[in-house]
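Structural description and commentary
Below, each chain spelled out in residue letters.
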Amino acid sequence: TRTPVNVTVTGAAGQIGYALLFRIASGHLLGPDVPVNLRLLEIPQGLKAAEGTAMELDDCAFPLLRGIEITDDANKAFAGANVALLVGARPRTKGMERGDLLSANGGIFKPQGKAINDNAADDIKVLVVGNPANTNALIAQAAAPDVPAERFTAMTRLDHNRAISQLAAKTGAAVSDIKKLTIWGNHSATQYPDIFHAEVAGKNAAELVNDEAWLADTFIPTVAKRGAAIIEARGASSAASAANAAIDHVHTWVNGTAAGDWTSMGIPSDGSYGVPEGIISSFPVTTKDGKYEIVQGLDINEFSRARIDASVKELTEERDAVRELGLI
Ligand code: NAX
């Protein structure tokens, strides 16, 4: 029998946490033969609700769930962690400036990065979901100098999945027929969903669609503003789809991308495609044996270049802002 994998989830009492924990415990994060220990990190006000969720997890009698610990102490929560899902964050409230948002989140992600640095297992893999996800991941990564930088990633898989679904609807294809779609840049309204290298049942997606106005005026804004559309419709932000994307992100990272396909992950840039080294930006990646690699050699046309550059510019501004605040 395999040793259980320690999975830490922050913000466990939140709405994404509620949608996420049951799927981790039932084996969807790592695989149907991998037992897990859950570590739930919450702020003191969230502990009681997290305990309630833990009671429900117990009541599912999941065969793979070996234990649940609940704490408000980051050092305990990340002790021996193999996978960390950083979901809890400080949301932007009315009238909050970007600087306020970044510094409030720095107060969360800097100490959590340090706690990961000091306590996590050597093979720790971190996914940041809490917004602003890319820059929160950068803050945590900078606070963890002993952990290889590439272990800190940010979630753009929800954007990736949203783009696949929109493209499938437009072309009448099945979602499983869509391959090689890319989200570039920041998980924000500036993100760029790129179909120029994507395939629909083996055909180039951009050629098949052959409609730049649809791309520019419908597809890209629909994907980029989908979060707001969900809030408008549901009266609450995306939760189950965000949890599903977090599951997909880690599952793909650990278990590999399929031959002839890739995925999108926010990762520390190595300078590829003109994205400044060090910022956490979304790229097309393949994964194998628990490691990812940026897909190289893609032709970037003018349409794509302008949009990648705009999103990357936003990320460098966020990096500069957190640097000024002393958070990295
Ligand atoms: P909720 O407000 O429902 O839950 C957040 C939870 O985090 C709360 O229970 C809170 O007590 C806890 N928390 C706050 N500070 C904490 C800390 N320092 N340590 C541990 N726990 C802490 O938010 P939810 O809807 O679950 O969303 C969580 C985050 O995901 C938000 O930042 C949200 O913006 C972000 N999202 C990111 C997405 C992505 O694609 N990257 C999409 C979905 C989502 O909007």
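Refer to the structure above for everything that follows.
Right, let's walk through the structure included here. (Residues numbered from 1 in each chain as written. Predicted model: local features only at pLDDT ≥ 70, side-chain atom pairs only at ≥ 80, totals over all residues. Heavy atoms only, no water.)

Another aspect to go through is the pattern of salt bridges. A side chain with one charge may pair with a side chain of the opposite charge, provided their charged atoms come close. This structure, assessed with the given rule, holds 8 salt bridges. In this structure, Arg98 engages Glu317 in a salt bridge whose closest nitrogen and oxygen atoms are separated by 3.9 Å. In this pair, Arg98 sits in helix α4 (residues 98-119) while Glu317 sits in helix α11 (residues 302-324), placing the two residues 219 residues apart along the sequence. The exposure class assigned to Arg98 is partly exposed, which follows from its relative accessible area of 32%. Judged by its relative accessible area of 31%, Glu317 is partly exposed. Here Asp309 ties to Arg305 by a salt bridge, and the two come within 2.9 Å at their closest N and O atoms. Placement of the pair is Asp309 and Arg305 together in helix α11, with a separation of 4 residues, close to one helical turn. Residue Arg305 is classed as partly exposed on the basis of its relative accessible area of 25%. Each of Arg98, Lys313 and Glu317 takes part in salt bridges that share partners, so that together they form one network. (Salt bridge = Lys/Arg side-chain N within 4 Å of Asp/Glu carboxyl O. Helix = DSSP H or I, 4+ residues; strand = E, 2+ residues; numbered from the N terminus. Buried < 20%, exposed > 50% of the residue type's maximum accessible area, 1.4 Å probe, protein only.)

With that out of the way, let us pick up the site of the ligand. Residues in close proximity to the ligand total 22 residues, the closest being Gln15, Ile16, Glu42, Val129 and Asn131. A distance of 2.9 Å separates an oxygen atom of the ligand from a polar backbone atom of Gln15. The fraction of the free accessible surface of the ligand (880 Å²) that becomes covered by protein chains is 79%. The set of elements that each furnish at least two residues to the shell around the ligand consists of α1 (15-25) and α4. (Near = heavy atom within 4 Å. Polar contact = N/O pair within 3.5 Å; in protein donor to acceptor, adjacent residues only side chain to side chain. Areas by Shrake-Rupley, 256 points an atom, 1.4 Å probe, with all protein chains shown as cover.)

The next thing to look at is helix α8 (residues 212-224). Helix length check: α8 (13 residues) gives 17 Å between terminal C-alpha atoms against 18 Å at 1.5 Å per residue, within 8%. Every buried residue belonging to α8 is among Trp214, Leu215, Phe219, Ile220, Val223 and Ala224, and all of these are buried. (Expected span 1.5 Å × (residues − 1).)

Here the focus is the packing of α1 against helix α10 (residues 240-255). Where α1 contacts α10, the axes come no closer than 8 Å and their chain directions differ by 40°. Between α1 and α10, the crossing angle belongs to the class labelled oblique. Between α1 and α10 lies a crossing of right-handed hand. Each of Ile16, Ala19, Leu20, Arg23 and Ile24 in α1 lies in contact with α10, whose residues at this interface are Ala240, Ala242, Ala243, Asn244, Ala246 and Ile247. Partitioned by chemical class, the residues of the contact of α1 with α10 number 9 nonpolar, 1 polar and 1 charged. (Axes fitted to C-alpha atoms, helices over the stretch in contact; angles between N-to-C directions. Parallel < 35°, antiparallel > 145°, perpendicular 65-115°, else oblique. Left-handed = near helix turned anticlockwise from the far one by under 90°. Contact = heavy atoms within 4.5 Å. Nonpolar A, V, L, I, M, F, W, Y, C, P; charged D, E, K, R; others polar.)

That's the geometry; what it means functionally is another story.
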